[in-house]
Amino acid sequence: MNERAAAARGTTSDQRGDALVLIHLPADRKSVYGISIMRDLWVDIPGHGTAKVNAALELGGLPLMTRTVEVLLGAHIDHTVMLDFQGFAAMTDALGGVDVNVKQSFTATADDKVHFPAGVNHLNGLQALAFVRERHAFADGDYQRVRNQQTFLKAMMAKLASEGGLADRGTVRKLIKTVLPHVTLDASFTLESLENLAFGLRSTPPGRGVFFTLPTAGTGTSRDGQSIVLKDPAATAALSAALRSGALAGYVAANNLQNGN
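Asks: Please explain the side chain of Lys159 as it appears in this structure.
Replies: Relative to the elements of secondary structure, Lys159 occurs in helix H5 (residues 142-162). The exposure class of Lys159 is buried, given its relative accessible area of 16%. Dropping the residues within four chain positions of it, Lys159 is found in contact with Leu95, Gly96 and Gly97.

Asks: What am I meant to see in the packing of helix H6 (residues 169-179) against helix H7 (residues 191-200) here?
Replies: Axes are the key here: two packed helices are described by the angle between their axes and the distance separating the axes. The contact between H6 and H7 brings their axes to 10 Å, and the two run at 125 degrees. In terms of their interaxial angle, H6 and H7 are classed as oblique. Regarding H6 and H7, the two cross each other, and that crossing is right-handed. Only Leu194, Glu195, Asn196, Ala198 and Phe199 of H7 make contact with H6, whose side of the interface consists of Arg169, Val172, Arg173 and Ile176.

Asks: Explanation requested: the sheet that holds strand S2 (residues 32-37) in the structure shown.
Replies: What links the strands of a sheet is backbone hydrogen bonding, and the strands pair in either a parallel or an antiparallel sense. Taken in spatial order, the 3 strands make up an open sheet running S1-S2-S11, and their pairing is mixed. The sheet terminates laterally at strand S1 (20-24) and strand S11 (209-213), the two strands that pair on one side only. Taken over all neighbouring pairs, the strand axes of this sheet differ in orientation by 20 degrees on average, direction set aside. The pairing of S1 with S2 spans 5 bridges and is antiparallel. Across the sheet, Val21 pairs through a bridge with Ser36, a residue of S2. Lying on the sheet, H5 is in contact with S1, S2 and S11; it crosses S11 at an angle near 170 degrees.

Asks: Help me understand the side chain of Thr92 in this model?
Replies: As for its placement among the helices and strands, Thr92 is situated in helix H3 (residues 85-94). With a relative accessible area of 0%, Thr92 lands in the buried category. Setting aside anything within four residues of it in sequence, one finds Thr92 in contact with Gly97, Val98, Leu123, Asn124, Gly125, Ala128 and Phe152.

Asks: Explain the pairing of S11 to me, please; I cannot follow it from the model alone.
Replies: Within a regular strand, side chains alternate between the sheet's two faces. Along S11, 5 of the 5 residues are buried, which leaves the element largely enclosed by surrounding structure. The alternating pattern of S11 places Gly209, Phe211 and Thr213 and Val210 and Phe212 on opposite faces, both of which are buried. Direction of pairing for S2 relative to S11: parallel, over a ladder of 5 bridges. Across the sheet, residue Tyr33 finds its bridge partner in S11, namely Val210.

Asks: What's the story with H5 in this structure? I'm lost.
Replies: An α-helix turns once per 3.6 residues; consequently, residues spaced three or four apart project the same way. In this model H5 runs 30 Å from its N-terminal to its C-terminal C-alpha over 21 residues, within 8% of the 30 Å that 1.5 Å per residue would give. Those residues of H5 that fall on the buried side of the exposure criterion are Asp142, Arg145, Val146, Asn148, Gln149, Gln150, Phe152, Ala155, Met156, Lys159 and Leu160.

Asks: Looking at this structure, how should I read the pattern of salt bridges?
Replies: Where charged atoms of side chains with opposite charge meet at close range, the side chains can pair. Considering all chains together, one arrives at 9 salt bridges under this definition. One salt bridge connects Arg147 with Asp140, and the closest N-O pair in it is separated by 2.9 Å. For Asp140, a relative accessible area of 32% translates into the label partly exposed. Of the charged contacts in the structure, one is a salt bridge between Glu195 and Arg169, with a shortest N-O distance of 3.0 Å. With Glu195 in helix H7 and Arg169 in helix H6, the pair connects residues that are 26 residues apart, well separated along the chain. Taking the relative accessible area as the measure of exposure, Glu195 reaches 11% and is therefore buried. Relative accessible area serves as the criterion here: at 30%, Arg169 is assigned to the partly exposed category. Salt bridges linked by common partners bring Asp18, Arg39, Asp142 and Arg145 together as one network.

Asks: Would you mind showing me how to read the nonpolar core here?
Replies: Within soluble globular proteins, side chains that are nonpolar tend to cluster in buried spots. Judged by nonpolar contacts, the single largest core of 36 residues is most densely connected at Leu41, Leu73, Phe212, Leu239 and Leu248. Mapped by element, the contributors of at least two residues to this core are S1, S2, strand S3 (42-45), helix H2 (55-73), S11, helix H8 (233-245) and helix H9 (248-254). No other element matches H2, which puts 9 residues into this core. Leaving out residues up to four positions away in the same chain, Leu73 has contacts with Leu22, Ile37, Leu214, Thr236, Leu239, Ser240 and Leu243. Counting residues in hydrophobic clusters, the runner-up holds 34 residues, among them Phe116, Leu129, Met156 and Ala198.

What counts, and where the lines are drawn
Residues numbered from 1 in each chain as written. Predicted model: local features only at pLDDT ≥ 70, side-chain atom pairs only at ≥ 80, totals over all residues. Heavy atoms only, no water. Helix = DSSP H or I, 4+ residues; strand = E, 2+ residues; numbered from the N terminus. Buried < 20%, exposed > 50% of the residue type's maximum accessible area, 1.4 Å probe, protein only. Contact = heavy atoms within 4.5 Å. Axes fitted to C-alpha atoms, helices over the stretch in contact; angles between N-to-C directions. Parallel < 35°, antiparallel > 145°, perpendicular 65-115°, else oblique. Left-handed = near helix turned anticlockwise from the far one by under 90°. Pairing = 2+ DSSP bridges. Expected span 1.5 Å × (residues − 1). Salt bridge = Lys/Arg side-chain N within 4 Å of Asp/Glu carboxyl O. Core = buried A, V, L, I, M, F, W, Y, C linked by side-chain atoms within 4.5 Å.

As far as function goes, none of this settles anything; it's purely spatial.
As structure tokens, this is what we get:
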């Protein structure tokens, strides 16, 4: 609890972001865009020099984490939400589990070594956590890990939309209360505004979530010997321009990102 409080205050703490996703919601709420940022991406952290992007949470909590992504993408972020692992599992269980389509079977390398056969898998909270955290089982490590995170988020959103889970404000409130003990919000984001935001997604058609990863220039090593992901300046600038001009749909179409990357 003390670490979460430190993150909210913007002070240093012993934690780093495990999964970073920028959510863009068009005003008509007819679609949702999720842009994953590789957690080892080497970036400028305001006031701290260069480091892995997820180090911003450790160095300055939610405020610095937010500001770092804003600088990276040249876009204003309205609100930031931090959800811990237990909250992720609790949310999955509150939905009665989530069905995900696993394209290639694998076995998680940690904890209970959960096996995920190819095809549709119905995941409970603990299984879902293993699914989105695994990286050692894949040849491209974190890149596939991020794809799996996107697969899960799309499946969860599709379930909520298809079953009408967001159409009833009482159901939305119940879901938020389930994860509330595990959520940290930025100073300007109230529980009421979080509820209103979730309820506002009730008109988003199932399957309209578009998730992709901020393009990178591959992997490398920092001067101090860390294994890092290299930024692709041209691709980052193009995405930044699309966000600023409200042309994200065109960017996705032009780069064939409808089904991710």
